[in-house]
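Chain by chain, the residues run as shown.
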Amino acid sequence: MKQRTLGTNGPSVSALGLGLMGMSEFYGATDDEQSIATIHHALDLGVNLLDTADVYGNGHNEQLLGRALAGRRRDEAVVATKFGSRPQGASAIVDSSPEYAREALDASLARLGLDHVDVYYLHRRDPQVPIEDTVGALAELVAQGKIRHIGLSEVSAATLRRANAVHPIAAVQSEYSLWERGLEAEVLPAARELGVAVVPYSPVGRGFLTGTVTNLDSLAADDYRRFDPRFQGENLTRNLALADRVKTLAEQAGLTATQLALAWLLHQGPDVVPIPGTKRISYLEQNAAAADVELDAATLAALDAAVPRGAAAGERYPEQLMGSLDG
């Protein structure tokens with residue numbers, strides 16, 4: 001597996017990581033043993049950036065990763081987790097306070113069975129808490145050896161600059177794919193200016209760019225996409241046309257639609273490290289193969305024309321979740 005670096009002085013990681021969220025919730029039935037086998041196979045392939053969060057499955061995802069890494073496999077992995085959602089009754093609130101950062105990290109380390117994590121992200125930012133205060137607390141945790149590198153998720157370019165002035169930020173994780181290119185306007189240029197890596201989540205549009213999702217009836221009853229605005233009504237119809245264009249170009253290139261979408265992201269720069277999620281070894285192997293795909297200028301231009309910036313119909317989250325994004 002080809003390697004890339006998270007930030008100016010960050011860890012060396014596989015060009016493609018593995019997002020673990022779907023192993024605990026949001027995308028239908030889960031199977032812990034199957035998921036652990038997939039994590040192990042990822043490490044066998046050299047896919048070493050493993051991405052989780054305390055909120056995924058209310059801690060289950062971190063416990064699952066801890067089980068997978070128990071014993072000899074810890075040294076093979078670059079473990080990234082996140083904090084920022086404090087449980088409150090049946091729901092959660094965004095909490096990026098210094099006090100909660102310390103509390104949440106200790107809880108994550110206990111679930112993971114680790115003495116440190118390699119990358120610790122602020123998952124969502126409370127605008128009432130100065131980012132300088134949050135990153136200052138994280139910097140103290142770096143000094144204590146509990147985390148190696150600091151990351152931010154779904155922050156604006158202004159927030160990224162303010163944070164990096166306090167302590168170097170290794171990576172900013174945000175949604176980025178052929179059908180969600182909002183990052184390119186301000187955040188991506190700021191990250192490059194500061195030497196911060198970009199870690200795209202949902203790099204195939206929550207599965208949409210795979211070409212396998214054509215209607216909501218094919219999704220499990222508890223699948224998040226049943227409530228995603230881009231999968232609803234007229235938005236779905238318009239977005240299916242985009243997916244068809246990607247699928248056609250993929251066939252012309254001798255690739256799956258997923259591989260083409262991932263290869264396109266990798267070609268956006270050596271500082272881009274996508275983290276496609278999957279629960280199955282077969283899909284993991286297909287994803288990993290995208291790291292070796294070389295796209296010519298004509299194919300890249302055809303993709304830009306087929307799915308230009310802003311082409312996807314609908315907001316990328318339901319209204320209540322859009323409010324939790326910084327800028």
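The shown structure was predicted, so the numbers you read here are calculated from the model rather than taken from an experiment.

A.B. asks: Looking at this structure, I do not really get the overall build of the chain. What am I missing?
C.D. replies: The secondary structure content of the chain amounts to 11 helices and 11 strands. For 327 residues, the compact-globule formula gives about 20 Å, and the C-alpha radius of gyration of the chain, at 19 Å, lands near that figure. Looking at the chain as a whole, 57% of its 327 residues qualify as buried. Sequence separation of 24 or more characterises 75% of the internal contacts of the chain that already satisfy a separation of 6 or more. Just so you have it, the chain exposes about 13200 Å², and 50% of that area is on carbon and sulfur atoms. One finds the centroid of the 29 positive side-chain charges in the chain at a distance of 1 Å from the centroid of its 42 negative side-chain charges.

A.B. asks: Just to check I follow, could you spell out the pairing of strand β5 (residues 78-83) for this structure?
C.D. replies: Within a regular beta strand, the side chains point alternately toward one face of the sheet and then the other, so they alternate between its two faces. Among the 6 residues of β5, 6 are classified as buried, and the element is accordingly described as predominantly covered. Residues of β5 alternate between two faces, with V78, A80 and K82 on one and V79, T81 and F83 on the opposite face, all of them buried. Two strands pair when backbone bridges link them, and strand β4 (residues 49-51) and β5 are joined in this way by 3 bridges, in the parallel orientation. Across the sheet, L49 pairs through a bridge with V78, a residue of β5. In this fold, β4 hands off to helix α2 (residues 60-69), which returns the chain to β5; that crossover is right-handed.

A.B. asks: Sorry, what's going on with the environment of I281 here?
C.D. replies: Inspection of the secondary structure assignment puts I281 in helix α9 (residues 281-289). Looking at I281, the relative accessible area reads 31%, which means it is partly exposed. Leave out the neighbours within four places in its chain, and I281 touches A37, T38 and H41.

A.B. asks: Mind showing me how you'd approach the pattern of salt bridges here?
C.D. replies: As a working rule, side chains carrying opposite charge can pair if their charged atoms are close by. This model, assessed by the stated rule, comprises 24 salt bridges. Of the charged contacts in the structure, one is a salt bridge between K2 and E294, with a shortest N-O distance of 3.5 Å. Taken together, the residues K2 in the segment before β1 (3-5) and E294 in the loop between α9 and α10 (297-306) connect sequence positions 292 residues apart. You can call E294 exposed: its relative accessible area is 62%. Linking K146 and D106 is a salt bridge whose minimum nitrogen-to-oxygen distance equals 2.9 Å. Here the residue K146 occupies a position in the loop between α4 (131-143) and β9 (147-153), and D106 occupies one in helix α3 (residues 98-112), the gap between them amounting to 40 residues.

A.B. asks: Help me understand the packing of α4 against helix α5 (residues 157-166) in this model?
C.D. replies: Two packed helices can be described by the angle between their axes and the distance between those axes. At a minimum axis distance of 9 Å, the contact between α4 and α5 shows a crossing angle of 40 degrees. For the element pair α4 / α5, the angle class is oblique. Of the two elements, α4 crosses α5, and the hand of that crossing is right-handed. When α4 is examined against α5, the residues I131, E132, V135 and G136 are found in contact with a partner set consisting of T159, R162, A163 and V166. Taken together, the residues of the contact of α4 with α5 break down into 4 nonpolar, 2 polar and 2 charged.

Reading guide: rules and limits
Residue positions are given per chain, counted from 1 along the sequence in the order it is written. Local features are withheld for residues below a pLDDT of 70 in this predicted model, meaning they are given only at 70 or higher, and side-chain atom pairs are given and counted only at 80 or more; totals for whole chains, interfaces and linings count all residues. Excluded from the side-chain calculation are hydrogens and water; included are all heavy atoms of the structure. By the criteria applied, helices consist of DSSP H or I runs no shorter than four residues and strands consist of E runs no shorter than two, each listed in order from the N terminus. Our radius of gyration looks at C-alpha atoms and nothing else; its globule reference is 2.2 Å times the residue count to the power 0.38. Here's how the labels work: a residue is buried when its accessible area is under 20% of the maximum for its type, exposed when over 50%, partly exposed in between, all with a 1.4 Å probe on protein chains only. Two residues form a contact once any of their heavy atoms are found within 4.5 Å. For the area figures, the Shrake-Rupley method with a 1.4 Å probe applies, and any residue is considered shielded solely by the protein chains shown. In this tally, Asp and Glu contribute negative charge and Lys and Arg positive charge; neither His nor the terminal groups of the chain are included. Note that the charge is assigned to NZ on lysines, CZ on arginines, CG on aspartates and CD on glutamates. Pairing between two strands is assigned when DSSP locates at least 2 bridges connecting them. A crossover counts as right-handed when, viewed with the strands pointing away from the observer, the path leading from the first strand over the helix to the second turns clockwise. When a carboxyl oxygen of Asp or Glu is within 4 Å of a side-chain nitrogen of Lys or Arg, the pair counts as a salt bridge. An axis is simply a line fitted to the C-alpha atoms; with a helix, the fit covers only the stretch in contact. Between two such axes, the angle follows the N-to-C directions and lies from 0 to 180 degrees. Between 65 and 115 degrees an angle is taken as roughly perpendicular, under 35 as roughly parallel, over 145 as roughly antiparallel, and anywhere else as oblique. Should the near helix be turned counterclockwise from the far one by less than a right angle, the crossing is left-handed, whereas a clockwise turn marks it as right-handed. Three classes are used, and their members are as follows: Ala, Val, Leu, Ile, Met, Phe, Trp, Tyr, Cys and Pro are nonpolar, Asp, Glu, Lys and Arg are charged, and the others, Gly among them, are polar.

So, to be careful, I would describe these as geometric facts and stop short of saying anything about function.
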